Amino acid sequence: MTDILLDVDTGVDDALAVLFAVRHPGLTLRGVSCVAGNTDVDQVVRNTLKVLDAAGAGAVPVARGASRPLLEPHRDAVHVHGRDGMADLGLPASVREPAPEHAIELLRRLILTNPTPVTLISLAPMTNLALLLRAYPEVTTKLARIMVMGGSASVGNASAVAEFNVWHDPEAAAIVFGCDAPVTMYGLDVFYGATASPAQTAELAASTDPGAAMAGRLLHHAARISGDDHRIGQPGGAHLGDAGAVCAVAEPAGLRTRRLPLQVELASGLARGQTIVDRRSLAGDAEYHGSALLAERVEVALEIDGDRYGRLFTEVLLGRVGAA
Ligand code: RIB
Ligand code: CA
């Protein structure tokens, strides 16, 4: 069993990730922290509680975190995720209550008291994680890994070169990528590769299971909004988005990574929020003339078996995957 924590800005694909994390037999979801991103942080909390209801989760603690980035203003993505941040499905409010403590207090408590090292999966702007690492740096000794859905070694989505979660709070991302816990960057180079086919989406949507049906409705929304993105490998497919990063924790064999130098561009201007990944095998003229090489510190995901994760997601949500 792998004990995990999720940091989310629920969010259509964050919701897919939470559904999968609750249902996969080899994962134990210990808690969820919420941060402003796709929508405002209070809506993120409301959405996350609704997803836990649909998933049939037990008493998974959920805590409210940062309402804006460290320096930037909050800039939502409701044009992608809908007015309520979760495809405007019109779901009833949950009767669950969020935990009374701040998200970084919940994360600290759960990390330090867990009997085994925890995998922290970041699916949102990294404001909560940066605040946690600065306030309680000792948590890295109890983290097995930080799996970050964020960044890109190539093309952006929020801008030509920056991925949304990093673009939203670049300073926070720099703190996380520079911390001394093992970090994997599940960026846009693989993000669009994990997809559900139209048939898989239809089967989920037709299910009588509330979690599977919610997943199907969310995937229909994803296909409608970004189905024609050239990075999605199949016509009419829906990318799993954040859920792909959780699939990669559940089954790492579906992901190929390389340990590479990485730096977040913090200067204002067109490239702010870019994750600059050095994939050269030799130093170049810049280094010849005195520039320092970037430190190798992050496992960067470069290839993904997207169909494998599409099948895994569908089978888990339909209850066809037995105990690990
Ligand atoms: O760039 C995609 C990421 O930004 C996903 O985590 C999505 O939910 C948004 O937060
Ligand atoms: Ca997200």
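Below or above, wherever it landed, is the structure these notes cover. This is a predicted model, so every value here is computed, not measured. (Residues numbered from 1 in each chain as written. Chains lettered and ligands numbered in written order. Predicted model: local features only at pLDDT ≥ 70, side-chain atom pairs only at ≥ 80, totals over all residues. Heavy atoms only, no water.)

**Some remarks on the packing of aromatic side chains**
Test applied: A pair of aromatic rings is counted whenever rings of Phe, Tyr or Trp (Trp by its six-membered ring) have centres within 6.5 Å, and the orientation is called stacked for planes under 30 degrees apart, edge-to-face for over 60 and tilted otherwise. Helix numbering and strand numbering both begin at the N terminus, where a helix is a DSSP run of H or I of at least 4 residues and a strand a DSSP run of E of at least 2. A 1.4 Å probe rolled over the protein chains alone gives each residue an accessible area, and that area as a share of the maximum for its type sets the label: buried under 20%, exposed over 50%, partly exposed in between.
Summed over all chains, the structure comprises three aromatic pairs. Seen in terms of ring centroids, Phe-164 and Trp-167 are 6.0 Å apart; in terms of plane orientation they differ by 35°. Their pairing is tilted. Of this pair, Phe-164 and Trp-167 both sit in helix α6 (residues 164–168), three residues apart, which is roughly one turn of the helix. What makes Trp-167 partly exposed here is its relative accessible area of 22%. Judged by centre distance (5.0 Å) and plane angle (85°), the rings of Phe-191 and Tyr-192 are edge-to-face. Exposure class is identical for Phe-191 and Tyr-192. Each is buried.

**A few points about the coordination of the calcium ion (ligand 2)**
Short version of the rule: Water is not part of the atom set, so a site may look incomplete; the donors themselves are N, O and S atoms within 2.8 Å of the metal, or 3.2 Å for Na, K and Ca.
Taken together, Asp-9 (OD), Asp-14 (OD), Asp-14 (OD), Leu-123 (O) and Asp-242 (OD) make up the full set of protein donors to the calcium ion (ligand 2), lying 2.2 to 2.6 Å away. Mapped onto the polypeptide sequence, the residues donating to the calcium ion (ligand 2) form the spacing pattern D-x4-D-x108-L-x118-D. Residue Asp-14 is found in helix α1 (residues 12–23), and its partner Leu-123 is found in the loop between β4 (118–122) and α5 (127–135); the two are separated by 109 residues along the sequence. Per residue, the accessibility class of Asp-14 equals that of Leu-123, and both read buried.

**Overview of the packing of helix α11 (residues 242–250) against helix α13 (residues 306–317)**
Stated formally: Each axis is a line fitted through C-alpha atoms, and for a helix only the stretch in contact is used; angles between axes span 0 to 180 degrees, taken between their N-to-C directions. Throughout, the term roughly parallel applies to angles under 35 degrees, roughly antiparallel to angles over 145, roughly perpendicular to angles from 65 to 115, and oblique to all others. Residue contacts are counted whenever heavy atoms from the two residues lie within 4.5 Å of one another. Under the grouping applied here, Gly and all other residues not named as nonpolar or charged are polar, the nonpolar ones being Ala, Val, Leu, Ile, Met, Phe, Trp, Tyr, Cys and Pro and the charged ones Asp, Glu, Lys and Arg.
One way to put it is that α11 packs onto α13 with a least axis distance of 10 Å and a crossing angle of 90°. On the basis of their axis angle, the class for α11 and α13 is roughly perpendicular. Packed against α11, whose contacting residues are Ala-243, Gly-244, Cys-247 and Ala-248, the element α13 presents Tyr-309, Leu-312 and Phe-313 at the interface. Considering only residue class, the contact of α11 with α13 consists of six nonpolar, one polar and no charged.

**Side note on the site of ligand 1**
Applied cut-off: Think of it this way: one heavy atom of a residue within 4 Å of a molecule or strand is enough to make that residue near it. By the criterion applied in these results, polar contacts are pairs of N or O atoms within 3.5 Å in which, for protein atoms, one can donate a hydrogen and the other can accept it, and in which residues neighboring in sequence qualify only through two side-chain atoms. Note on areas: Shrake-Rupley, 1.4 Å probe, and residue coverage restricted to the protein chains presented here.
With respect to spatial proximity, 13 residues lie near ligand 1, and among them Asp-13, Asn-157, Glu-163, Asn-165 and Asp-242 are the closest. Asp-13 has a polar side-chain atom sitting 2.6 Å from an oxygen atom of ligand 1. In the model, an oxygen atom of ligand 1 is placed 3.0 Å from a nitrogen or oxygen of the Asp-14 side chain. If ligand 1 stood free it would expose 280 Å²; the protein chains cover 96% of that surface. Counting residues per element, the ones that place at least two in the shell around ligand 1 are α1 and α6. Across the shell around ligand 1, the residue classes break down as four nonpolar, four polar and five charged.

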